[in-house]
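Close look at the chain arrangement
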Amino acid sequence: MELLHGSLIPHFKIRRPISFFCKRIKKQDSLLIVDLFRENFPISYTRCRTLETHWDNTQSIRHLIVPSNDDSKQPELIFNRLQLSDEEHTDMQCSFGRYIAREAILNEEYWMAAWLRAEAHWEAAAYKRHAESFKMKYADQEFKALKKRCSGQDGNLLQCFCLVAVKKEVKNMKRTVLNSIVGTMDLSIRQYLQGETYPGIKKQSCVLASKQPFDAHKYAYISNVVVAKYARRRGIAINMLGLAAHIAASVGMKKLYVHVTADNKPGQELYKKRGFEFVTSDASSNGHLLMRMEL
């Protein structure tokens, strides 16, 4: 690990040989998390129970755990499950500071990723009446959608990785999954839809969607980048981006895309530091700019 101008250069622990290029990172500006670029999902719920989660020594949040209407298809979630040990981690990971970025493994890790996204989505409106209930509905639907995406059952999405940043294992200390996860993002491998020349941008094009597209018709895409509020400005987002670029290159992708809102200047600066450049100079109708990184 090398400390350079106040930022951490990640150390990748890989058990299979994959080439990776890691750029030097300049000192980060004040980091907000970056963008949640997602679909809306229908809402339907039945009952709920309460679970208290302690984020650190000073904060605790009460979660409403909302079971699905179809319990037979939903995985059982054990919210006091301990975090994985170093030996149980995935083959591909990025170690930096007190954290590790890797692919989510446990269902509880997927659910916690969904909860972080719900918290970020409702952060500016946390004072509103019933905000906690709405966050739980959002998290429950995002959990189902995330599991669906990662199983490869979502439109032109060919493959999806849910990445999480977790606190490193500490000797003689037991920590639950809910207390260990501090960040998340999705990396998806997609194919262009008919008429698309860039993700979400349709022009006259000979590129057509198919079940088995040519590699030239595939691209990698980042979405749902979130870091827990108490863990921001610690290099978590930028190191998760590095891992995402690494994974995308390892599966043969040449380009990595991300949408960022036009008014999210900290997010735009973060992506620039990771090597992204603007593809579109003007925001589209949904207020997002498209950025691209060559792998």
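About the thresholds
- Residues numbered from 1 in each chain as written.
- Predicted model: local features only at pLDDT ≥ 70, side-chain atom pairs only at ≥ 80, totals over all residues.
- Heavy atoms only, no water.
- Axes fitted to C-alpha atoms, helices over the stretch in contact; angles between N-to-C directions.
- Helix = DSSP H or I, 4+ residues; strand = E, 2+ residues; numbered from the N terminus.
- Parallel < 35°, antiparallel > 145°, perpendicular 65-115°, else oblique.
- Left-handed = near helix turned anticlockwise from the far one by under 90°.
- Contact = heavy atoms within 4.5 Å.
- Nonpolar A, V, L, I, M, F, W, Y, C, P; charged D, E, K, R; others polar.
- Buried < 20%, exposed > 50% of the residue type's maximum accessible area, 1.4 Å probe, protein only.
- Pairing = 2+ DSSP bridges.
- Right-handed = clockwise from strand over helix to strand, strands pointing away.
- Salt bridge = Lys/Arg side-chain N within 4 Å of Asp/Glu carboxyl O.
- Phe/Tyr/Trp six-rings, centres within 6.5 Å; stacked < 30°, edge-to-face > 60°.
- Expected span 1.5 Å × (residues − 1).
- Polar contact = N/O pair within 3.5 Å; in protein donor to acceptor, adjacent residues only side chain to side chain.
- Core = buried A, V, L, I, M, F, W, Y, C linked by side-chain atoms within 4.5 Å.

**A word on the packing of helix H4 (residues 236-250) against helix H5 (residues 265-273)**
Their axes nearest at 10 Å, the elements H4 and H5 cross at an angle of 45 degrees. With respect to their mutual orientation, H4 and H5 come out oblique. In this structure, the crossing between H4 and H5 has a hand that is right-handed. Here Ala237, Ile238 and Leu241 of H4 lie close against H5, whose contacting residues are Leu270, Tyr271 and Lys273. Taken together, the residues that form the contact of H4 with H5 break down as five nonpolar, no polar and one charged.

**Observations concerning the pairing of strand S12 (residues 218-227)**
For S12, a buried count of nine out of ten residues is recorded, marking the element as mostly surrounded by other parts of the structure. Pairing geometry for S12 and strand S13 (residues 255-261), over three bridges, is parallel. In the strand pairing of S13, Ile222 is matched with Val258. Each parallel crossover has a hand, and for S12 linked through H4 to S13 it is right-handed.

**So, the pairing of strand S8 (residues 157-167)**
Summarising burial for S8: nine of the eleven residues are buried, a large majority. By the bridge criterion, nine bridges tie S8 to strand S9 (residues 181-191) in an arrangement that is antiparallel. Bridge assignment links Val164 to a residue of S9, and that residue is Thr184.

**Quick word on the pattern of salt bridges**
The final tally for this structure, using the stated rule, is 13 salt bridges. Between Asp186 and Arg149 there is a salt bridge, with the nearest N and O atoms lying 2.8 Å from each other. Of the two residues, Asp186 is situated in strand S9 and Arg149 in helix H2 (residues 131-150); the sequence distance between them amounts to 37 residues. Taken together, the salt bridges that share partners define one network made up of Arg117, Glu142, Arg149 and Asp186.

**Considerations on the packing of helix H1 (residues 107-121) against H2**
Remark: H1 packs on H2, axes separated minimally by 8 Å, with the N-to-C direction vectors making an angle of 130 degrees. As far as their axial angle goes, H2 and H1 are oblique. H2 is crossed by H1, and the crossing has right-handed handedness. Here H1 contributes Asn107, Tyr110, Trp111, Ala113, Ala114, Trp115, Arg117, Ala118, Glu119 and His121 to the contact with H2, which in turn contributes Glu132, Lys135, Met136, Tyr138, Ala139, Glu142, Phe143, Leu146, Lys147, Arg149 and Cys150. Along the lines of polarity and charge, the residues of the contact of H1 with H2 split into twelve nonpolar, two polar and seven charged.

**Structural notes on the packing of aromatic side chains**
Summed over the entire model, instances satisfying the criterion amount to eight aromatic pairs. For the ring pair Phe79 and Trp111, a centre distance of 5.2 Å and an interplane angle of 85 degrees mean the geometry is edge-to-face. Highlighted residues: Phe79 in the loop between strand S5 (60-65) and strand S6 (92-96) and Trp111 in helix H1, separated in sequence by 32 residues. Judged by relative accessible area, Trp111 falls into the buried class, the value being 2%.

**Quick word on H1**
Note that an α-helix has 3.6 residues per turn; residues three or four places apart therefore point the same way. For H1, spanning 15 residues, the distance from its first C-alpha to its last is 21 Å, which sits close to the expected 21 Å at 1.5 Å a residue. Burial of H1 is extensive: eleven of the 15 residues sit out of reach of the surface. Of all the positions in H1, only Glu108, Glu109, Tyr110, Trp111, Met112, Ala113, Ala114, Trp115, Leu116, Arg117 and Ala118 are classed as buried.

**Considering the side chain of Arg102**
Topologically, Arg102 is positioned in strand S7 (residues 99-103). Here Glu109 takes part through its side chain, which lies 2.6 Å from a polar atom of the side chain of Arg102.

**Some remarks on H2**
Relative to the 28 Å expected for 20 residues at 1.5 Å per residue, H2 spans 28 Å between its end C-alpha atoms, a close match to the ideal helical length. Three or more residues of H2 are buried, namely Ala131, Lys135, Met136, Tyr138, Ala139, Asp140, Gln141, Glu142, Phe143, Ala145, Leu146 and Arg149. Phi turns positive, to about 75 degrees, at Gly152, one or two residues after H2.

**A closer look at the nonpolar core**
Within the largest apolar cluster, 67 residues are counted, with the highest numbers of intra-cluster contacts made by Met185, Leu187, Ile222, Ile236, Leu256 and Tyr271. Among the elements that make up this core, the one with the highest residue count is H4 (ten residues). If we ignore the near neighbours within four places in the chain, the residues touching Leu187 are Gln159, Cys160, Phe161, Ala220, Tyr221, Ile222, Ala244, Ile247, Ala248 and Leu256. Membership of the second largest hydrophobic core comes to six residues, among which are Ile201, Tyr219, Tyr257 and Leu290.

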